[in-house]
Amino acid sequence: MAKIIGGLTTSHVPALGAAMDNGKTEEPYWKAVFDGYERAKSWIVEASPDVIFLVYNDHATAFSMDLIPTFAIGCAEEFPIADEGWGPRPVPTVKGHPDLAWHVAQSVILDEFDLTIINKMEVDHGLTVPLSLVYGQVKEWPVRVIPFPVNVVQYPPPTANRCYNLGKALGKAIRSFEQQDLRVVVFGTGGMSHQLQGKRAGLINKKFDLAFQDKIGPNPQALTKISHLEFLRESGSEGIELVMWLIMRGALSEQVKEVHRFYHVPASNTAVGHMIFESQEA
Ligand code: DHB
Ligand code: FE
């Protein structure tokens, strides 16, 4: 059986990847950010997942205006690291888990959520930066990863409510995998408030972010009511990435134990938020 151990959310700011790749993590500006990930490093060892189900968004890297899946699942054996303009990050190729991925695709599609099945894809900072934050610099990732990209780049992205309900279907799908005993951790990356473009570039909304962190554990239903317009107004044009946190949350049990919470500004243009939850499975 597959068991969901817990979930982890984190911003995926590309400059954090560059800081790690270029040996800058001890510089005061960056150290203040990386200190918030110490708990994740010990927690992931305790949780010892076999598979990370990694919900993130592609940033017009694997996809373009040619093809825009709302929800997609990576079923390949492996996923190369994308070149986002400075060459691919010096991190290992991501190894998938095709058996679990295909099982989840079947279960979730039969549960009436349409997924795009992907058998060839490069992965960008939305996926690699969170892995580096948790596992540090490694020769091989010590875990299999199922990439689950969600469109938040081209309007219209999926609603918060649909994302939360999709998370529930994903949780059910993962729990019903019987072929192998697997420990699974679900990641939801992106957020928190940030805007990278236009007149409001640099927007940060601490009040909104902290309220989101307060609610996601005990009362995610409240967050499912946030409309696209409210995300845009309150959390900036890229704050919509927070829907990935709701997919993660939906996959966990109704009640969860919050293990860790971190919030930090400044880090590039984004309010960095990071949380860890343990799922209370039967
Ligand atoms: C930044 C944050 C993001 O989520 C992203 O995808 C790109 C850049 C930033 O803060 O620089
Ligand atoms: Fe992003």
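We now turn to the structure provided with this report. Just so you know, these numbers come straight off a predicted model, no measurement behind them. (Residues numbered from 1 in each chain as written. Chains lettered and ligands numbered in written order. Predicted model: local features only at pLDDT ≥ 70, side-chain atom pairs only at ≥ 80, totals over all residues. Heavy atoms only, no water.)

1. Concerning the pairing of strand S2 (residues 51–56)
The side chains of a regular strand alternate between the sheet's two faces.
Here comes step 1: For S2, the buried fraction is high: six of the six residues fall into the buried class.
Here comes step 2: Of the two faces of S2, the one holding Val-51, Phe-53 and Val-55 and the one holding Ile-52, Leu-54 and Tyr-56 are both buried throughout.
Here comes step 3: Here S2 pairs with strand S7 (residues 144–149) via six bridges, running parallel. Across the sheet, Leu-54 pairs through a bridge with Pro-147, a residue of S7.
Here comes step 4: Pairing geometry for S2 and strand S8 (residues 182–189), over five bridges, is parallel. Residue pairing in the sheet places Ile-52 in a bridge with Val-185 of S8. (Buried < 20%, exposed > 50% of the residue type's maximum accessible area, 1.4 Å probe, protein only. Helix = DSSP H or I, 4+ residues; strand = E, 2+ residues; numbered from the N terminus. Pairing = 2+ DSSP bridges.)

2. Re the packing of aromatic side chains
Here comes step 1: Under the definition given, this model contains six aromatic pairs.
Here comes step 2: An angle of 70° between the planes, with centres 6.2 Å apart, marks the rings of Phe-208 and Phe-231 as edge-to-face. Here Phe-208 is found in helix H7 (residues 206–216), whereas its partner Phe-231 is found in helix H9 (residues 228–235), with 23 residues between them in sequence. Both residues of the pair, Phe-208 and Phe-231, belong to the buried class.
Here comes step 3: Ring centres of Phe-212 and Trp-245 lie 6.0 Å apart, and the angle between their planes is 80°; this geometry places the pair in the edge-to-face category. (Phe/Tyr/Trp six-rings, centres within 6.5 Å; stacked < 30°, edge-to-face > 60°.)

3. As for the state of the cysteines
In protein structure, a disulfide is the covalent linkage between the sulfur atoms of two cysteines.
Here comes step 1: Summed over all chains, the structure comprises zero disulfides.
Here comes step 2: Cys-75 carries a free sulfur, and the closest cysteine sulfur to it, the one in Cys-163, is 19 Å from it.
Here comes step 3: Among the residues examined, Cys-75 registers a relative accessible area of 3% and is labelled buried. (Disulfide = S-S within 2.5 Å.)

4. Here's the deal with the site of ligand 1
Here comes step 1: With respect to spatial proximity, the complete set of residues near ligand 1 consists of His-12, Val-13, Pro-14, His-59, His-125, His-194, Leu-196, Glu-241, Ser-268, Asn-269 and Thr-270.
Here comes step 2: Between His-12 and ligand 1, the recorded distance is 3.1 Å, taken from a side-chain N or O atom to an oxygen atom.
Here comes step 3: Here an oxygen atom of ligand 1 and a side-chain polar atom of His-59 are 2.7 Å apart.
Here comes step 4: Here ligand 1 has 290 Å² of accessible area as a free molecule, and 90% of this is covered by the chains.
Here comes step 5: The pocket occupied by ligand 1, as judged from atoms lying within 2 Å of grid points, is the largest pocket.
Here comes step 6: When grouped by side-chain class, the residues that make up the shell around ligand 1 number three nonpolar, seven polar and one charged. (Near = heavy atom within 4 Å. Polar contact = N/O pair within 3.5 Å; in protein donor to acceptor, adjacent residues only side chain to side chain. Areas by Shrake-Rupley, 256 points an atom, 1.4 Å probe, with all protein chains shown as cover. 1 Å grid on protein atoms, 1.4 Å probe; cavity = no way out; pocket = protein on both sides within 12 Å on 5 of 7 lines; lining within 4 Å. Sits in = over half its atoms within 2 Å of the grid points. Nonpolar A, V, L, I, M, F, W, Y, C, P; charged D, E, K, R; others polar.)

5. Notes on the coordination of the iron ion (ligand 2)
Here comes step 1: Looking at the iron ion (ligand 2), one finds its protein donor set to be His-12 (NE2), His-59 (NE2) and Glu-241 (OE), positioned 2.1 to 2.2 Å from the metal centre.
Here comes step 2: According to the relative accessible area criterion, His-12 is buried, its value standing at 4%. (Donors = N, O, S within 2.8 Å, 3.2 Å for Na, K, Ca; no water.)

6. Details of a nonpolar patch on the surface
Here comes step 1: Together, Trp-102, Ile-109 and Ile-117 make up a nonpolar patch on the protein surface, roughly 240 Å² of accessible area in all.
Here comes step 2: Tracing the chain through its elements places Ile-109 in helix H4 (residues 98–110). (Patch = residues over 30% accessible without salt bridge, like charges linked within 9 Å, V, L, I, M, F, W, Y side chains within 5 Å. Salt bridge = Lys/Arg side-chain N within 4 Å of Asp/Glu carboxyl O.)

7. Structural notes on the packing of helix H6 (residues 160–175) against helix H10 (residues 243–251)
Here comes step 1: The N-to-C vectors of H6 and H10 enclose an angle of 40°; their axes lie 6 Å apart at closest approach. The hand of the H6/H10 crossing is right-handed. Where H6 abuts H10, its residues Ala-160, Cys-163, Tyr-164, Leu-166, Gly-167, Lys-168, Leu-170, Gly-171 and Arg-175 lie against Val-243, Leu-246, Ile-247, Arg-249, Gly-250 and Ala-251.
Here comes step 2: Looking at the contact of H6 with H10 residue by residue, the classes come out as nine nonpolar, three polar and three charged. (Axes fitted to C-alpha atoms, helices over the stretch in contact; angles between N-to-C directions. Left-handed = near helix turned anticlockwise from the far one by under 90°. Contact = heavy atoms within 4.5 Å.)

8. Focus: the environment of Leu-100
Here comes step 1: Looking at the element boundaries, Leu-100 is found in helix H4.
Here comes step 2: On a C-alpha basis, the gap between Leu-100 and Ala-173 in space is 9.1 Å, while along the polypeptide they are 73 residues apart.

9. Quick word on the sheet that holds S2
Here comes step 1: Judged by pairing direction, the sheet is mixed, and its six strands sit side by side in the order S7-S2-S8-S1-S10-S9 without closing on themselves. With partners counted over all chains shown, the strands left at the sheet margins are S7 and strand S9 (256–264), one partner each. Across the sheet, the mean angle separating the axes of adjacent strands is 15° when strand polarity is ignored.
Here comes step 2: Packed onto the sheet, H6 meets strand S1 (2–10), S2, S7, S8 and strand S10 (272–279) and runs at close to 145° relative to S1.

10. Brief notes about the pattern of salt bridges
Should the charged atoms of two oppositely charged side chains come close, the side chains can pair.
Here comes step 1: Under the criterion given, the structure shown has eleven salt bridges.
Here comes step 2: Across the pair Glu-258 and Arg-261 runs a salt bridge whose closest N-O atoms are separated by 2.8 Å.
Here comes step 3: Taking relative accessible area as the criterion, Glu-258 reaches 33% and is therefore assigned partly exposed.

11. Comments concerning the nonpolar core
Most often, soluble globular proteins keep nonpolar side chains buried together rather than apart.
Here comes step 1: Counting 53 residues, the largest nonpolar core has Phe-53, Ile-73, Phe-148 and Phe-212 as the members making the most contacts within it.
Here comes step 2: When residues of this core are assigned to their parent elements, the largest contribution, eight residues, is made by H6.
Here comes step 3: The residues contacting Phe-53, other than those within four sequence positions of it, are Ile-73, Val-104, Ile-146, Phe-148, Leu-170, Ile-174, Val-184, Val-185, Val-186 and Phe-187.
Here comes step 4: Core analysis: the next-biggest nonpolar cluster, separate from the first, contains 29 residues, Val-94, Val-143, Val-185 and Ile-276 among them. (Core = buried A, V, L, I, M, F, W, Y, C linked by side-chain atoms within 4.5 Å.)

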